[in-house]
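So the chains spell out like this:
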Amino acid sequence: MSMATRTDTQSPAPHAADSHDLIRVHGARENNLKDVSIEIPKRRLTVFTGVSGSGKSSLVFNTIAAESQRLINETYSAFVQGFMPTLARPEVDVLDGLTTVITVDQQRLGADPRSTVGTATDANAMLRILFSRLGKPHIGSPKAFSFNVASISGAGAVTMERGGQKVKERRSFSITGGMCPRCEGRGTVTDLDLTQLYDDSKSLSEGAITIPGYTGGGWNSRLYSESGFFDADKPIRKFTKKELQDFLHREPTRMKIAGINMTYEGLIPRIQKSMLAKDREGMQPHIREFVDRAVTFTTCPECDGTRLNEGARSSKIERISIADACAMQISDLAEWIRGLDEPSVAPLLTALQQTLDSFVEIGLGYLSLDRPAGTLSGGEAQRVKMIRHLGSSLTDVTYVFDEPTIGLHPHDIQRMNDLLLRLRDKGNTVLVVEHKPETIAIADHVVDLGPGAGTAGGTVCFEGTVEGLRTGGTITGRHFDDRAAVKETVRKPTGTLEIRGASTHNLRGVDVDVPLGVLAVVTGVAGSGKSSLVHGSIPAGEGVVSVDQGAIRGSRRSNPATYTGLLDPIRKAFAKANGVKPALFSANSEGACPTCNGAGVIYTDLAMMAGVATTCEECEGKRFQASVLDYHLGGRDISEVLAMSVTEAEEFFGAGEAHTPAAHRVLTRLSDVGLGYLSLGQPLTTLSGGERQRLKLATHMAEKGGGRSVFVLDEPTAGLHLADVEQLLGLLDRLVDAGKSVIVVEHHQAVMAHADWIIDLGPGAGHDGGRIVFEGTPADLVAARSTLTGEHLATYVGT
């Protein structure tokens, strides 16, 4: 039997299905994008770059990823869509060639105290099944090993109809959970420091209660002094046991005081309901300070912080309990799992092994599964989210990453690059928003947005290869090969901050003197103990201000003017110039447009369809009543002032009729941190990560009168473009020259080279780190090349 052979030598015409090899975007106008039209190659690695605020996230996340998600949601039934978030269609004319998008962003994992690295990645779920099958003694189902499931039991009569008659039967049930009953699975218990609640040497009539709002003879203090349960003129330390119980713990009791019906309740439950139940971030500053003083968090004495009850801790596999397994460094846990030979659970062991190996491969082997998810940095959280995608068999998917190298030491960036290329080589489209030249260099295709930020950005300045970018003349191209030189002369310290025996997390009794009055940089590979040293040993308090990477809390009504306190002097200036109340010039108060309640837009919820936001017809998006816009300051109404950029407003309030020194000071600080392009009324929810951190820094710089002399910054270059790093270094220099001490946790070589003093931790991550491997000037570190940081810094500065 002969096989047929092809006689024609011409290649067949390409199949129509193979012609869709581009994602086409035409007329994108989200946020500051100005009718952007680009074509992105599929199954390639495309990097989007540009200065902070140039429109990268607006194009990648708010346009491409958002439309893909909206179209996927529309494939579900109306019933299912009713349970999903409603997504509006992005402002874009045409989006063609989209594939399913998987977004791996930097949003912190929930700060819920019950959420850990293990629960966030399903590793805990697999471990619970493993222990329920192999643990000795056998104590129950996987629920028996969960710190989120309480042990409960009950019994009683149930009534049912059987054969036309009602029959009563006795039923009982029990659920064996793993939750520690003392701390309810949180690992910590809270205690109130009674010395912060009252002065026991005084009587109630002498003002013994020191809680904010309970002083000065107000109703809160009268409730206790006139309750009749104890003598108001007797010092609290002389109270009998019964009187102290009534004062601190009495159940709610109705009574009349001065002819008014009131409810008396013990001081501790009253404080817990009125203050401690509230979100700390939402408290007034003086209440927050009191709560920080009065509430102490201690490790639960019953479960020793493991969150699990005694039963869950007693069941072991080869002398290891589930609490021991979760406390292990993940790289060690992976080795332990690899050593288990149990054919009965072989598929489970394989799946768990793959998950744990992914942690190690992605550079997170130093974490433990019991690490609270809220304590992970933005970069760590993003890499944890990557884990579930690494072993995926899906292809032709679009992966979208938001600065995946954030929080990574130069040593770790190469590993991240390899992972991005591996995802691409499986046949996926990989879109990366990134500033680091090491990652831009591996791109198949580069899209550079700009040329500036905010209203000065939103256009495509360059599209092509990395070599083309280098010679393209854009800001990114010009700064692509920038290298900071090591300082020839360094500042002399004015003092030292002594840290002795630091042992937070993986630190091994570290002793170090941090110089003050200079720019000190703490560096080391990810997981070496930098944040543990700085945040664990230098508490933010009197004289210390810590600017971390946490998100700013705020709704779409919050904007830079409200967050920085800038709006207060502006409202007062308008009120004074027009002889009216300041409240009229607030879109959240009396001056708000009655139709949209000061939002500027009206939101229409269309159930399972995408919600629609339309500009309010009454105020035309200006957010204020028409009568308020009749009042002017310097020829501008309040809505026109809020539409100004920081740079424009700085000039407006700096001189002339609108001269307002208090507003001008705030605006100058915003310009100093490189936010001159932001508009005063731009919602905080539209700011990028880098913009939010610099906004916080500008706000803290205002606290000069409060004796804040030490600034602790956590990776201030996060989200900063190569060109902006230079401006940041200038700002840090100005802070130091003004007499401040600046301590920076940082991986960026430009900041290291610019430092006066470097403290390098390592040599590795997790239990391979936690030690000081170098202290000295950047020049000494480069000359010695004795650490990973020294090697990379020497390569960076070209020595």
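Note: the structure precedes this text.
Okay, so let's go over this structure. What you see is a predicted model; the values in this text were computed from it and never measured.

Observations concerning the state of the cysteines
Point 1. Enumeration according to the criterion identifies zero disulfides in this entry.
Point 2. In this structure Cys 616 is a free cysteine whose sulfur lies 3.7 Å from that of Cys 619, the closest cysteine sulfur available.
Point 3. Look at Cys 616 and you get buried, because its relative accessible area is 1%.

Some thoughts on the packing of helix 4 (residues 123-134) against helix 12 (residues 346-361)
Point 1. Direction vectors running N to C along helix 4 and helix 12 enclose 150°, while the axes themselves pass 10 Å from each other. By the angle class used here, helix 4 and helix 12 are roughly antiparallel. In this structure, helix 4 meets helix 12 at a crossing whose hand is left-handed. Along its contact with helix 4, which presents Ala 123, Met 126, Leu 127, Ile 129 and Leu 130, the element helix 12 presents Leu 348, Leu 349, Ala 351, Leu 352 and Thr 355.
Point 2. A per-class count over the contact of helix 4 with helix 12 returns nine nonpolar, one polar and no charged.

Some thoughts on the packing of aromatic side chains
Point 1. A full pass over the atoms with the stated rule returns 15 aromatic pairs.
Point 2. Ring geometry for Phe 131 versus Phe 145: centroids 6.0 Å apart, planes at 50°, classification tilted. Taken together, the residues Phe 131 in helix 4 and Phe 145 in the loop between helix 4 and strand 6 (152-162) connect sequence positions 14 residues apart.
Point 3. Look at Phe 145 and you get buried, because its relative accessible area is 2%.
Point 4. Of the aromatic side chains, those joined through ring pairs into one cluster are Tyr 198, Tyr 214, Tyr 224, Phe 229, Phe 230, Phe 239, Phe 247 and Tyr 264.

Examining the sheet that holds strand 1 (residues 22-28)
Point 1. Taken together, three strands build an open sheet; the order of strands is 2-1-4 and the sheet is antiparallel. This sheet does not close on itself; its edge strands, each paired only once, are strand 2 (36-41) and strand 4 (94-96). In this sheet, neighbouring strand axes are inclined to one another by 5° on average, regardless of whether the strands run parallel or antiparallel.
Point 2. Relative to strand 2, strand 1 is paired through five bridges, and the arrangement is antiparallel. Directly across from Ala 28, in strand 2, lies its bridge partner Val 36.

What about the sheet that holds strand 17 (residues 459-464)?
Point 1. As summarised here, the arrangement of the six strands in space is 5-14-15-3-16-17, forming an open sheet in which the pairing is mixed. Of all strands in the sheet, those with a lone pairing partner are strand 5 (101-104) and strand 17, marking the two edges. Averaged over all neighbouring strand pairs, the angle between strand axes comes to 15°, with direction disregarded.
Point 2. Of the strand pairs in this sheet, strand 3 (residues 45-49) and strand 15 (residues 429-433) are connected by four bridges, and their pairing is parallel. Of the residues in strand 15, the one forming a bridge with Phe 48 is Val 433.
Point 3. Against the sheet, helix 1 (residues 56-73) engages strand 3, strand 5, strand 14 (398-402), strand 15 and strand 16 (445-450), with an angle of about 135° to strand 5.
Point 4. Contacting strand 3, strand 14 and strand 15, helix 14 (residues 410-425) crosses the sheet at an angle of about 150° to strand 15.

As for the layout of surface pockets
Point 1. There is about 470 Å³ of room inside the second largest pocket.
Point 2. Lining the second largest pocket are 22 residues, and of these Asp 482, Arg 483, His 748, Ala 750 and Tyr 796 sit closest to its centre.
Point 3. If you list the elements that add at least two residues to the lining of the second largest pocket, you get helix 15 (437-440), helix 25 (722-737), helix 26 (749-754) and helix 28 (788-797).
Point 4. With five residues, the single largest contributor to the lining of the second largest pocket is helix 25.

With respect to the environment of Asp 191
Point 1. Note on placement: Asp 191 falls in strand 8 (residues 188-192).
Point 2. Asp 191 gets classed as partly exposed once you look at its relative accessible area, which sits at 38%.
Point 3. Those residues within four positions of Asp 191 in sequence are excluded, and the remaining contacts are Ala 294, Val 295, Thr 296 and Thr 298.

Some thoughts on helix 25
Point 1. Compared with an ideal rise of 1.5 Å per residue, which puts 16 residues at 22 Å, helix 25 spans 24 Å between its outermost C-alpha atoms and is within 8% of the ideal.
Point 2. For helix 25, every residue scored as buried is listed here: Leu 722, Ala 723, Asp 724, Val 725, Leu 728, Leu 729, Leu 731, Leu 732, Asp 733, Leu 735 and Val 736.
Point 3. The positive-phi residue at the C-terminal boundary of helix 25 is Gly 739, with phi of around 95°.

Digging into the packing of helix 11 (residues 330-338) against helix 12
Point 1. Packing of helix 11 against helix 12 leaves a shortest axis separation of 9 Å and a crossing angle of 155°. The angle between helix 11 and helix 12 falls in the class roughly antiparallel. Helix 11 and helix 12 meet at a crossing whose hand is left-handed. Where helix 11 abuts helix 12, its residues Ile 330, Ser 331, Leu 333, Ala 334, Ile 337 and Arg 338 lie against Leu 349, Leu 352, Gln 353, Leu 356, Asp 357, Phe 359 and Val 360.

Things to note about a nonpolar patch on the surface
Point 1. On the surface, a nonpolar cluster with roughly 470 Å² of combined accessible area is contributed by Tyr 76, Phe 79, Val 80 and Phe 83.
Point 2. Relative to the helices and strands, Val 80 is located in helix 2 (residues 78-81).
Point 3. Its relative accessible area of 34% is what places Val 80 among the partly exposed residues.

How each quantity is defined
- Residues numbered from 1 in each chain as written.
- Predicted model: local features only at pLDDT ≥ 70, side-chain atom pairs only at ≥ 80, totals over all residues.
- Heavy atoms only, no water.
- Disulfide = S-S within 2.5 Å.
- Buried < 20%, exposed > 50% of the residue type's maximum accessible area, 1.4 Å probe, protein only.
- Axes fitted to C-alpha atoms, helices over the stretch in contact; angles between N-to-C directions.
- Helix = DSSP H or I, 4+ residues; strand = E, 2+ residues; numbered from the N terminus.
- Parallel < 35°, antiparallel > 145°, perpendicular 65-115°, else oblique.
- Left-handed = near helix turned anticlockwise from the far one by under 90°.
- Contact = heavy atoms within 4.5 Å.
- Nonpolar A, V, L, I, M, F, W, Y, C, P; charged D, E, K, R; others polar.
- Phe/Tyr/Trp six-rings, centres within 6.5 Å; stacked < 30°, edge-to-face > 60°.
- Pairing = 2+ DSSP bridges.
- 1 Å grid on protein atoms, 1.4 Å probe; cavity = no way out; pocket = protein on both sides within 12 Å on 5 of 7 lines; lining within 4 Å.
- Points joined across faces, edges and corners; volume = space filled by probe spheres on them.
- Expected span 1.5 Å × (residues − 1).
- Patch = residues over 30% accessible without salt bridge, like charges linked within 9 Å, V, L, I, M, F, W, Y side chains within 5 Å.
- Areas by Shrake-Rupley, 256 points an atom, 1.4 Å probe, with all protein chains shown as cover.
- Salt bridge = Lys/Arg side-chain N within 4 Å of Asp/Glu carboxyl O.

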